[in-house]
Amino acid sequence: MKDILDAIQSPDSTPADFAALPLPDSYRAVTVHKDETEMFAGLPTAEKDPRESLHVDDVPVPELGPGEALVAVMASSVNYNSVWTSIFEPMATFGFLERYGRLSDLARRHDLPYHVIGSDLAGVVLRTGPGVNSWRPGDEVVAHCLSVELESSDGHNDTMLDPEQRIWGFETNFGGLAEIALVKSNQLMPKPQHLSWEEAAAPGLVNSTAYRQLVSRNGAGMKQGDNVLIWGASGGLGSYATQFALAGGATPICVVSSDRKAELCRRMGAEAIIDRSAEGYTFWTDEHHQDPREWKRFGKRIRELTGGEDVDIVFEHPGRETFGASVYVTRKGGTIVTCASTSGFTHEYDNRYLWMSLKRIVGSHFANYREAWEANRLVAKGRIHPTLSKVYALEDTGQAAYDVHRNRHQGKVGVLALAPAEGLGVRDEELRARHLDAINLFRDDARAQPLAAHGGVH
Ligand SMILES: NC(=O)c1ccc[n+]([C@@H]2O[C@H](COP(=O)([O-])OP(=O)(O)OC[C@H]3O[C@@H](n4cnc5c(N)ncnc54)[C@H](OP(=O)(O)O)[C@@H]3O)[C@@H](O)[C@H]2O)c1
């Protein structure tokens, strides 16, 4: 592995040098174990601790198949899907791997008693399989997390509709929280040159998801002037949705749960901000009943911030806890676009507010290659910035996932894999210098104020 790292860090390495590098037999990877999926049985979700279930193991390098690439991972990031995997909710991910393994001889490689997780990476291509022409050893890349087979016609208008669509590192093995990852070559995209490895690895999954959900015609199709209500506006998804709204001439109405998060949104450029914690919204009076008066109070607050207007789009992901309010506050003809249900999958809302006011609920999930490419292109041009707040070593990924699970983080949490230190891998200092403050916004905040001592608000 040292030779690989030396080659990556030497400015003189050529594609031929990378192609000639011997591959190691094994590599370090963050895993969950199949024989531990019941370890949290009976515990409430909030008490399940990723530090107990996430391991760092030495695992064999997988065989490289057609259309695939092995990538030396310099850095990765923690996504909420790593949290779900680590607490085995809503189900253990080994079921996904078993099902994938039944698809073909090649896919059988994924069905193992351990699962290498992680759905982001920034690194360098080491090897490409037969049929890969667009990428070669030595290319500096990021990878998006859409894995498709495309043997059915269904996926050929929008690859997210492929019946064999999977999220790499969640529904497939050999993910990015590791020193080496296996990806399909159509997951690869150029690494933004003005970013360090860990900065480049941070946006991937959430940036692409937010792009499709908010900007793409497959999602809400946001336009100039739209009012966009963004839940968790300083979180993983929300910190990119806020940037897309601002960059696209819309008005974000940012919902957060602390002063500090409100300040981050302000510094991104948002003006309309609701601190749900300070303003004490209680949409549910008990486990079974919501309080429409609280929806109304929330809607009134939005109108105060917009000069009397309702929201054109709600960027939804908290799910059960907020969905009733989201449907209520959307303007006539507006769109509630949802990609998740962090607080519960069974949503309840008053349907009269939907049909009588001709609103639409749109489901959105990750992004197709084109959408991920567009989202990455905006990062590469310095229009959208990483929201990396903190970086962990690979062996501390459990703690990183714990922080995200407890909502103690801001923006994105990064993980160094092969990169020996933070700040490496920048190739365009001039572009970086132009955007340094924006790139460091979330880091500076985290450095100024260490992690909240107590768990965040859920
Ligand atoms: N379908 C997809 O492709 C896709 C892609 C990415 C993520 N996701 C899912 O989307 C969800 C969010 O992911 P993320 O990366 O943005 O996570 P994150 O970094 O934890 O951010 C989520 C934010 O939502 C807010 N929030 C959490 N619980 C809430 C509640 N009960 N009511 C209101 N706000 C709440 C919190 O902000 P405040 O405390 O500041 O309000 C939190 O910071 C996860 O469930 C994840 O699995 C889905």
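Residues numbered from 1 in each chain as written. Predicted model: local features only at pLDDT ≥ 70, side-chain atom pairs only at ≥ 80, totals over all residues. Heavy atoms only, no water.

Peer 1: Looking at this structure, I do not really get the domain arrangement of the chain. What am I missing?
Peer 2: The figure often quoted for interface size is the accessible area lost as the parts come together. Under the domain assignment used here, the chain contains domain 1 (2-202 + 386-448) and domain 2 (223-363). The distance between the C-alpha centroids of domain 1 and domain 2 comes to 30 Å. Across the domain 1/domain 2 interface, buried area totals approximately 1200 Å², and carbon plus sulfur atoms make up 56% of it. Considering only the side of domain 1, the residues that lose the most area to domain 2 are Q410, L441 and D445, jointly responsible for 37% of the buried surface there. Here R260 makes a salt bridge to D445, at a shortest N to O gap of 3.0 Å. Inspection of the region where domain 1 meets domain 2 yields 5 residue pairs in polar contact (both at pLDDT 80 or more). Elements that contribute at least two residues to the side of domain 1 that touches domain 2 include exactly α4 (80-87) and α16 (441-448). Among the elements that make up the side of domain 1 that touches domain 2, the one with the highest residue count is α16 (4 residues). Tallied by class, the residues present in the side of domain 1 that touches domain 2 amount to 8 nonpolar, 5 polar and 2 charged. (Domains from an automatic or database assignment. Buried area = accessible area lost by both parts, 1.4 Å probe. Salt bridge = Lys/Arg side-chain N within 4 Å of Asp/Glu carboxyl O. Polar contact = N/O pair within 3.5 Å; in protein donor to acceptor, adjacent residues only side chain to side chain. Helix = DSSP H or I, 4+ residues; strand = E, 2+ residues; numbered from the N terminus. Nonpolar A, V, L, I, M, F, W, Y, C, P; charged D, E, K, R; others polar.)

Peer 1: Sorry, what's going on with the pairing of strand β18 (residues 412-416) here?
Peer 2: Within a regular strand, the side chains alternate between the two sheet faces. For β18, the tally of buried residues reaches 5 of 5 residues, placing the bulk of the element in the interior. On β18, burial covers both faces: K412, G414 and L416 on one face and V413 and V415 on the other are all buried. Note that strand β3 (residues 68-78) and β18 share 4 bridges and pair antiparallel. Note on β18: the bridge partner recorded for S77 is G414. Tracing the backbone out of strand β17 (residues 388-393), into helix α14 (residues 397-405) and back to the parallel element β18 gives a crossover that is right-handed. (Buried < 20%, exposed > 50% of the residue type's maximum accessible area, 1.4 Å probe, protein only. Pairing = 2+ DSSP bridges. Right-handed = clockwise from strand over helix to strand, strands pointing away.)

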